[in-house]
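Single-letter residue listing:
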Amino acid sequence: MSKTYSSAEHAYRAVKERILSGALAGGELISEGEIAADLGTSRTPVREAFLRLETEGWMKLYPKRGALVVPIPPDEAEHVAHARYVVETAAVRSATANDTGGLVEALRSSIDRQRELAAAGDLDTFALADTDFHRTYVLAGGNPLLSGFYDSLRERQRRMNSVALRRGPVDITRIIEQHARLADLVAAADVDGFAVALIEHLSGVHQLELRGR
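Taking an unreviewed UniProt entry as the reference, the protein chain is identified by name as GntR family transcriptional regulator belonging to Nocardia niwae.

Now the structure itself:
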């Protein structure tokens, strides 16, 4: 692996991480030079990284002006949230048909971790923990096709979570309380109650008006 390729991969990962974490906000115009200086590299690997990110839809390049971080489209948040609702409720319906002892334990362990991160004010890691909390019961549903589809939304979910937390003020305590409620409903095998609570949770976090469909 050449040094140029390694530098380009490093630049790609670093810039993409900033986009997903919300450190680079949608609508922000950045230049190759400022990113290169920040990363301590030349412009060439940054240019390659920008091209790759444009191909993936995270950036729009404007020659001699810079790269625009593509904002989350207005309808994407609703589409992703609805897709999550469909997958998560289906997964919980399957998961609660079996013993959920281990699943509930994992969910409550995640909630404890979320409380620690909230107390520390670590919003970036909290956003990751939030995404992983929901993924835990999706995997427990035992459907690899649904799990694979859900994972394809993972980066969009993470960015949405990060943006929601940075948009502020956000009541993280309320988010954790809702997660605890979801875990309790899984423990009770109350799928209908879980579906209602999930709509409330997704609608509140992402400022949407969702309905079960």
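Participant: For the overall build of the protein chain, give the residues involved together with the corresponding values.
Facilitator: Along the backbone of the protein chain there are ten helices and three strands. Secondary structure elements of the protein chain, listed N to C terminal, follow the sequence α-β-α-α-β-β-α-α-α-α-α-α-α. Expressed as lengths along the three principal axes of its C-alpha atoms, the size of the protein chain is roughly 55 × 40 × 35 Å. Out of the 213 residues in the protein chain, the part that is buried amounts to 43%. Put simply, 70% of the contacts in the protein chain that link residues at least 6 apart link residues at least 24 apart. Counting 26 positive and 30 negative side-chain charges, the protein chain places the averaged centre of each group 6 Å from the other.

Participant: Describe helix 9 (residues 172-187), and please don't skip the residues or the numbers.
Facilitator: With 16 residues, helix 9 ought to run about 22 Å at 1.5 Å a step, and its terminal C-alpha atoms sit 23 Å apart, in line with that. Residues Ile172, Ile175, Ile176, Gln178, His179, Ala180, Leu182, Ala183, Leu185 and Val186 constitute the buried set of helix 9. Taking the backbone nitrogen of Thr173 as reference, a side-chain oxygen 3.3 Å away marks Asp171 as the first, capping residue of helix 9. Count one or two residues on from helix 9 and you reach Ala189, which has phi positive near 55°.

Participant: Help me get a handle on the pattern of salt bridges, residues and values and all.
Facilitator: Evaluation of the coordinates by the stated rule reveals 17 salt bridges. In this structure, Lys16 engages Glu56 in a salt bridge whose closest nitrogen and oxygen atoms are separated by 3.1 Å. Pair noted here: Lys16 is in helix 1 (residues 3-21) and Glu56 is in the loop between helix 3 (43-55) and strand 2 (59-62), with a separation of 40 residues, a long-range link. Residue Arg18 pairs with Asp38 through a salt bridge whose shortest N-O separation is 2.5 Å. Residue Arg18 is found in helix 1, and its partner Asp38 is found in helix 2 (residues 32-39); the two are separated by 20 residues along the sequence. Beyond isolated ion pairs, a larger network of salt bridges with shared partners links Glu9, Arg13 and Arg52.

Participant: Tell me about the pairing of strand 3 (residues 66-69), and please be specific about residues and values.
Facilitator: When a strand is regular, its side chains alternate between the sheet's two faces. The pairing of strand 1 (residues 29-30) with strand 3 spans two bridges and is classified as antiparallel. Bridged to Ile30 within strand 3 is Ala67. Between strand 2 and strand 3, which pair antiparallel one after the other, the connecting turn spans three residues, and Lys64 there sits at a positive phi close to 70°.

Participant: Which residues make up the sheet that holds strand 3, and what are the values?
Facilitator: Here we have three strands laid out as an open sheet, ordered 1-3-2, and antiparallel in their pairing. Of all the strands in the sheet, the pair left with one neighbour each is strand 1 and strand 2.

Each value, and the rule that gives it
Every chain begins its residue count from 1, and numbering advances along the sequence as written. Side-chain atom pairs in this predicted model are given and counted only at pLDDT of 80 or more, local residue features only at pLDDT of at least 70, and totals for whole chains, interfaces and linings cover all residues. Each side-chain value is worked out from all heavy atoms of the structure, with water and hydrogens disregarded. A run of DSSP states H or I qualifies as a helix once it reaches four residues; a run of E qualifies as a strand once it reaches two. Both are numbered from the N-terminal end. Here the term buried applies to any residue with accessible area under 20% of the maximum for its type, exposed to any over 50%, and partly exposed to those in between, with areas from a 1.4 Å probe on protein chains only. Pairs of residues are marked as contacts when any of their non-hydrogen atoms sit within 4.5 Å. By the counting scheme adopted, Arg and Lys are positive, Glu and Asp are negative, and His together with the chain ends is not counted. To locate a charge, take NZ of a lysine, CZ of an arginine, CG of an aspartate or CD of a glutamate. What a helix should span is 1.5 Å times the count of its residues minus one. Here a polar contact means two N or O atoms within 3.5 Å. Within protein one must be a hydrogen donor candidate and the other an acceptor candidate, and residues neighboring in sequence count only if both atoms are side-chain atoms. In the sections that follow, a salt bridge refers to a side-chain nitrogen of Lys or Arg positioned within 4 Å of a carboxyl oxygen of Asp or Glu. By this definition, two strands are paired if DSSP reports at least two bridges between them.

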